[in-house]
Amino acid sequence: MTWIGVLIALAGALGYALGAALQQYEAVSEGASLKLMRRPRWWIGGAIGFTGACLHAVALSFAPLVAVQPISVATLVFAVPLAAFMYGRKPYKAEIFGSIAVAVGLLWLMMLVPHHDVVPRLSDGAALGFIGVITLIALATQVAASRVHGPARAMLLSVGAGVVTASVSTFVRVVGGGLEGDLGRLLHWFTLAVPVLLVFAVVLLQRSYAVGYFGIAYAGVQVIDPITSVMAGALLLGEPLPTSPATAIPALFAAALTIAGTITLGRLAPDHSKPAPVAATAESRPLTAASDLA
């Protein structure tokens, strides 16, 4: 059953990547405002992304968080080139290498987590405490982001979006994985929490996309979401974590690779929804050597 969940998660992740690229293009153009509601391409991206999210939810009903969440990371190597295509340019080498580094590093890190299917159980008190912690983190990142600009702002906003997205995945895992054939278990406030948290996740995602640094915003969400989900799975749902000392060194290398890739993406200049004037072409290039251009 775990492999079925993984395959479904892969299909959903690819849809989510395409939807994210479409929505980011519109968010840069209009900002994270209600004006996006008038943009057909934003709605198309939302529909594609929602389909991907639904497939992700189905996957969580077949497999544990530690198996499903890392799958979405692999789409980073597709999402960044898709976003570049939206702006009518080829991906920069720095974008490609940074995306691959983040994806490989995080996938490597997640592979060190043992994949054992455990029926998820979550008490009301633990659930409320989890939501409280997620809310505090999201608020803190929003306040901190209001005081900075550029890639730092995109990263902070993506951290807030990532933890809220992880909370959605956690509750979906609890609801879907805990059914065990009894649909009556859907009649619980956990089920209502999913769409509410999802709305907040979408809003925070658009705010991170609107900054213009799609690579770092998408990478930030893809890193924070699975890490937070795995921690929630281990601390709240009883899903196992690696305990062997032999996994410590590989985990450090994987984390270093992920961080290096994120820093590489953070050095890129923001994209713009319209071609930049000739005098400002330097701003549309990555903050790396000219040889990095593909």
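Read on for an overview of the structure. (Residues numbered from 1 in each chain as written. Predicted model: local features only at pLDDT ≥ 70, side-chain atom pairs only at ≥ 80, totals over all residues. Heavy atoms only, no water.)

## Remarks on the packing of helix α6 (residues 124-145) against helix α8 (residues 189-210)
Let me state the cut-off plainly: Under this scheme, a helix contributes an axis fitted over its contacting stretch, all axes are lines through C-alpha atoms, and angles between N-to-C directions fall in the 0 to 180 degree range. Under the DSSP-based scheme used, a helix requires at least four consecutive residues in state H or I and a strand at least two consecutive residues in state E, with every element numbered from the N terminus. The scheme is simple: roughly parallel for angles under 35 degrees, roughly antiparallel for over 145, roughly perpendicular for 65 to 115, oblique for anything else. Any two residues having at least one pair of non-hydrogen atoms within 4.5 Å are treated as being in contact. Any residue outside Ala, Val, Leu, Ile, Met, Phe, Trp, Tyr, Cys, Pro, Asp, Glu, Lys and Arg is labelled polar, Gly included; the first ten of those are nonpolar and the last four are charged.
Closest axis-to-axis distance for the α6/α8 pair is 13 Å, and the angle between their directions is 10 degrees. In terms of orientation, α6 and α8 fall into the roughly parallel class. Between α6 and α8, the residues in contact are D124, A127, L128, I131, A138 and Q142 and W189, F190, L204 and R207, respectively. Its residues assigned to classes, the contact of α6 with α8 comprises seven nonpolar, one polar and two charged.

## Observations regarding the layout of surface pockets
Note the threshold: Only protein atoms enter the 1 Å grid used here, on which a cavity is any set of points holding a 1.4 Å probe that cannot leave and a pocket is any open set flanked by protein within 12 Å on both sides along at least five of seven lines; residues with an atom within 4 Å of a point are listed as lining. Grid points are joined across faces, edges and corners, and a volume is the space filled by probe spheres set on the points.
By volume, the largest pocket amounts to about 750 Å³. Taken together, 35 residues form the lining of the largest pocket, with Y16, G49, F50, A53 and L198 sitting closest to its centre. Listing elements by their share of the lining of the largest pocket, those giving two or more residues are α1 (2-30), α2 (40-62), α7 (150-177), α8 and α9 (214-236). No other element matches the ten residues that α2 contributes to the lining of the largest pocket. The residue inventory of the lining of the largest pocket, partitioned by class, reads 20 nonpolar, 14 polar and one charged.

## Here's the deal with the environment of I8
Take I8: it is sitting in helix α1. With 49 residues separating them in the primary sequence, I8 and A57 have C-alpha atoms 9.2 Å apart.

## Side note on the packing of aromatic side chains
Defined as follows: Within 6.5 Å between ring centres, the rings of Phe, Tyr and Trp (the latter by its six-membered ring) count as paired, and their orientation is classed by plane angle as stacked under 30 degrees, edge-to-face over 60, tilted in between. Between buried and exposed lies partly exposed: a residue is buried under 20% and exposed over 50% of the maximum accessible area for its type, with that area taken using a 1.4 Å probe on protein chains only. By definition here, charges over rings are those cases where NZ of Lys or CZ of Arg is within 6 Å of the ring centre and within 35 degrees of the ring normal.
Evaluation of the coordinates by the stated rule reveals eight aromatic pairs. A ring pair is formed by W42 and W43, whose centres lie 5.3 Å apart and whose planes are at 85 degrees; its orientation type is edge-to-face. The exposure class of W42 is buried, given its relative accessible area of 10%. Counting every residue linked through ring pairs, the aromatic cluster contains Y16, Y209, F214 and Y218. Taking NZ or CZ as reference, R89 lies 4.3 Å from the ring centre of Y92, over its face.

## Section: a nonpolar patch on the surface
Convention followed: Residues enter patches when they are more than 30% accessible in relative terms and free of salt bridges; like-charged ones are connected within 9 Å and nonpolar ones (Val, Leu, Ile, Met, Phe, Trp, Tyr) within 5 Å. For accessible areas, the Shrake-Rupley method is used with a probe of radius 1.4 Å. Any residue's cover is judged against the shown protein chains and nothing else. When a carboxyl oxygen of Asp or Glu lies within 4 Å of a side-chain nitrogen of Lys or Arg, that pair is called a salt bridge.
A surface patch of nonpolar side chains, about 740 Å² in accessible area, is lined by I96, F97, I100, V104, W108, I249, F253 and L257. Along the chain, I96 falls in helix α5 (residues 93-111).

## Quick word on the pattern of salt bridges
Applying the stated criterion to the full structure yields three salt bridges. A salt bridge links E26 to R39; its shortest N-O distance comes to 2.5 Å. Highlighted residues: E26 in helix α1 and R39 in the loop between α1 and α2, separated in sequence by 13 residues. Residue classification places E26 among the buried positions, given a relative accessible area of 2%. You can call R39 partly exposed: its relative accessible area is 24%. Here R89 and E95 are joined by a salt bridge, their closest N and O atoms 2.9 Å apart. Here R89 matches E95 in class, with each residue buried. In the salt-bridge network here, residues are joined through shared partners; they are E26, R39 and R41.

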